[in-house]
Amino acid sequence: MALIFGSPRKQATDKDEVGTDHRLTLAKDIYMAGKMKIVTTETVPGREIQSAFGLIVCRSYVFDNAFYGLMAQAVDVNADAIVGYRETVAFHPEGDKYYSCYGTAVRLKKLK
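Note that the structure is a prediction, hence the values are computed from the model and not measured.

Peer 1: Which residues make up the overall build of the protein chain, and what are the values?
Peer 2: The number of helices and strands found in the protein chain is two helices and four strands. Element order for the protein chain, N to C, with α for helix and β for strand: α-β-β-α-β-β. Looking at the protein chain as a whole, 31% of its 112 residues are labelled buried. Put simply, of all contacts in the protein chain between residues at least 6 apart along the chain, 69% involve residues at least 24 apart. With an accessible surface of roughly 7,600 Å², the protein chain has 54% of that area assigned to carbon and sulfur atoms.

This is the structure:
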(Lines give C-alpha, C1' and ligand atoms only; values in the text may rest on other atoms or scores of the structure.)
Protein backbone atom coordinates (compact mmCIF):
# COMPACT_ATOMS: atom_id res chain seq x y z
CA MET A 1 0.00 0.00 0.00
CA ALA A 2 1.48 3.34 -1.02
CA LEU A 3 1.33 6.27 1.33
CA ILE A 4 0.41 9.40 -0.55
CA PHE A 5 0.70 11.83 2.33
CA GLY A 6 3.75 10.32 4.03
CA SER A 7 4.11 8.04 6.98
CA PRO A 8 2.05 8.23 10.16
CA ARG A 9 3.17 10.90 12.58
CA LYS A 10 5.78 9.74 15.05
CA GLN A 11 5.89 11.22 18.52
CA ALA A 12 9.31 12.10 19.91
CA THR A 13 10.08 10.23 23.12
CA ASP A 14 13.02 9.83 25.46
CA LYS A 15 13.85 6.63 23.56
CA ASP A 16 14.69 8.71 20.48
CA GLU A 17 18.03 9.75 21.92
CA VAL A 18 21.20 9.35 19.87
CA GLY A 19 22.40 6.42 21.97
CA THR A 20 19.67 4.07 20.72
CA ASP A 21 21.15 3.63 17.23
CA HIS A 22 24.70 2.37 16.72
CA ARG A 23 25.13 4.32 13.45
CA LEU A 24 24.17 7.59 15.18
CA THR A 25 26.55 6.91 18.06
CA LEU A 26 29.41 6.20 15.63
CA ALA A 27 28.58 9.38 13.65
CA LYS A 28 28.54 11.43 16.86
CA ASP A 29 31.95 10.05 17.86
CA ILE A 30 33.40 10.88 14.42
CA TYR A 31 32.00 14.41 14.56
CA MET A 32 33.16 15.08 18.12
CA ALA A 33 36.67 13.82 17.25
CA GLY A 34 36.82 16.33 14.36
CA LYS A 35 37.31 13.62 11.74
CA MET A 36 34.60 14.94 9.42
CA LYS A 37 34.19 18.56 8.40
CA ILE A 38 30.78 20.18 8.03
CA VAL A 39 30.70 23.62 6.41
CA THR A 40 27.96 25.89 5.13
CA THR A 41 30.15 27.10 2.26
CA GLU A 42 30.70 25.43 -1.11
CA THR A 43 34.28 24.42 -0.27
CA VAL A 44 36.30 23.39 2.76
CA PRO A 45 38.86 26.12 3.51
CA GLY A 46 42.36 25.02 2.57
CA ARG A 47 41.19 21.79 0.86
CA GLU A 48 40.19 20.83 -2.67
CA ILE A 49 37.19 18.66 -3.45
CA GLN A 50 38.06 15.52 -5.40
CA SER A 51 34.52 14.24 -5.98
CA ALA A 52 30.95 14.75 -4.83
CA PHE A 53 28.65 11.91 -3.81
CA GLY A 54 25.55 14.08 -3.97
CA LEU A 55 22.89 15.51 -1.73
CA ILE A 56 22.19 13.73 1.55
CA VAL A 57 19.17 14.47 3.73
CA CYS A 58 18.01 13.31 7.13
CA ARG A 59 14.78 14.26 8.92
CA SER A 60 13.51 13.58 12.43
CA TYR A 61 11.38 14.91 15.25
CA VAL A 62 14.60 14.99 17.32
CA PHE A 63 17.35 17.37 16.14
CA ASP A 64 20.25 15.16 17.24
CA ASN A 65 18.82 12.25 15.24
CA ALA A 66 18.51 14.43 12.12
CA PHE A 67 22.04 15.88 12.49
CA TYR A 68 23.87 12.67 13.36
CA GLY A 69 21.76 10.73 10.86
CA LEU A 70 23.12 13.05 8.19
CA MET A 71 26.63 12.33 9.45
CA ALA A 72 25.91 8.58 9.37
CA GLN A 73 24.83 8.82 5.73
CA ALA A 74 28.07 10.62 4.88
CA VAL A 75 30.05 7.89 6.66
CA ASP A 76 28.08 5.23 4.74
CA VAL A 77 29.26 6.66 1.39
CA ASN A 78 32.81 7.14 2.74
CA ALA A 79 32.75 10.94 2.46
CA ASP A 80 35.36 13.18 4.07
CA ALA A 81 33.14 16.25 4.49
CA ILE A 82 29.70 17.76 4.05
CA VAL A 83 29.58 21.08 2.19
CA GLY A 84 26.63 23.41 1.77
CA TYR A 85 25.15 22.27 5.10
CA ARG A 86 21.69 23.61 5.89
CA GLU A 87 19.05 22.83 8.47
CA THR A 88 15.39 23.70 8.69
CA VAL A 89 12.64 23.20 11.21
CA ALA A 90 8.95 22.89 10.46
CA PHE A 91 6.44 23.74 13.14
CA HIS A 92 3.26 21.71 13.10
CA PRO A 93 -0.05 23.10 14.44
CA GLU A 94 0.02 20.55 17.28
CA GLY A 95 3.30 22.04 18.52
CA ASP A 96 5.65 19.39 17.13
CA LYS A 97 8.92 20.35 15.46
CA TYR A 98 10.26 18.43 12.47
CA TYR A 99 13.95 18.92 11.74
CA SER A 100 15.63 18.52 8.34
CA CYS A 101 19.40 18.55 7.87
CA TYR A 102 20.97 18.38 4.42
CA GLY A 103 24.16 19.00 2.51
CA THR A 104 26.45 17.56 -0.16
CA ALA A 105 28.74 14.66 0.77
CA VAL A 106 32.20 15.08 -0.78
CA ARG A 107 35.58 13.39 -0.91
CA LEU A 108 38.54 15.73 -0.38
CA LYS A 109 41.90 15.51 -2.16
CA LYS A 110 44.71 14.14 -0.03
CA LEU A 111 47.00 16.67 1.64
CA LYS A 112 50.50 16.80 0.17
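Peer 1: Pulling in residues and values, what's your account of the sheet that holds strand 3 (residues 81–91)?
Peer 2: What holds strands together in a sheet is hydrogen bonding between their backbones, with the strands either parallel or antiparallel. Read across the sheet, four strands follow the order 1-3-4-2 without closing on themselves; strand pairing throughout is mixed. Strand pairing shows two members of the sheet lacking a second neighbour, strand 1 (37–38) and strand 2 (49–60), which therefore form its edges. Both strand 1 and strand 3 contribute to a ladder of two bridges, which runs parallel. From the neighbouring strand, Lys37 faces strand 3, where its bridge partner is Ala81. Sitting on the sheet, helix 2 (residues 63–76) is in contact with strand 1, strand 2, strand 3 and strand 4 (97–108), with an inclination near 150° to strand 2.

Peer 1: Explain helix 1 (residues 22–32) residue by residue, including any values.
Peer 2: One turn of an α-helix holds 3.6 residues; hence residues three or four places apart share an orientation. Those residues of helix 1 that sit buried are Leu24, Ala27 and Ile30. The arc that holds every buried residue of helix 1, seen down its axis, measures 125°, which confines them to one face. Facing away from the buried side of helix 1, by more than 90 degrees, are the exposed residues His22 and Met32. Among the structural elements, helix 2 are those in contact with the buried residues of helix 1. For helix 1, the N-terminal cap is Asp21; the gap from its side-chain oxygen to the backbone nitrogen of Arg23 is 3.2 Å.

Peer 1: Quick rundown of the nonpolar core? Include the residues and the values.
Peer 2: Proteins that are soluble and globular tend to have nonpolar side chains buried together. Of all hydrophobic cores here, the largest spans 19 residues; its most connected members are Leu70, Met71 and Ile82. Secondary-structure elements contributing two or more residues to this core are helix 1, strand 2, helix 2, strand 3 and strand 4. Take this core: its biggest share by element is seven residues, from helix 2. Ignoring any residue separated from it by four or fewer positions in sequence, one finds Leu70 in contact with Ile56, Val57, Cys58, Ile82, Tyr85, Cys101, Tyr102 and Gly103.

Peer 1: Can you explain the environment of Ile30? Please cite residues and give values.
Peer 2: With respect to the helices and strands, the residue Ile30 is situated in helix 1. We classify Ile30 as buried; its relative accessible area is 19%. When neighbours within four sequence positions are excluded, Ile30 is seen to be in contact with Lys35, Met36 and Val75.

Peer 1: With reference to specific residues and values, describe the pattern of salt bridges.
Peer 2: When the charged atoms of two side chains with opposite charge come close together, those side chains can pair. Within the structure shown, the criterion is met by three salt bridges. With a closest N to O distance of 3.3 Å, Lys109 and Glu48 form a salt bridge. Residue Lys109 is found in the segment after strand 4, and its partner Glu48 is found in the loop between strand 1 and strand 2; the two are separated by 61 residues along the sequence. Using a relative accessible area of 52% as the deciding quantity, one classes Glu48 as exposed. Arg107 serves as the salt-bridge partner of Asp80, at 3.6 Å between the closest nitrogen and oxygen.

Calculation notes
Residues numbered from 1 in each chain as written. Predicted model: local features only at pLDDT ≥ 70, side-chain atom pairs only at ≥ 80, totals over all residues. Heavy atoms only, no water. Helix = DSSP H or I, 4+ residues; strand = E, 2+ residues; numbered from the N terminus. Buried < 20%, exposed > 50% of the residue type's maximum accessible area, 1.4 Å probe, protein only. Contact = heavy atoms within 4.5 Å. Areas by Shrake-Rupley, 256 points an atom, 1.4 Å probe, with all protein chains shown as cover. Pairing = 2+ DSSP bridges. Axes fitted to C-alpha atoms, helices over the stretch in contact; angles between N-to-C directions. Arc of directions from axis to C-beta. Polar contact = N/O pair within 3.5 Å; in protein donor to acceptor, adjacent residues only side chain to side chain. Core = buried A, V, L, I, M, F, W, Y, C linked by side-chain atoms within 4.5 Å. Salt bridge = Lys/Arg side-chain N within 4 Å of Asp/Glu carboxyl O.

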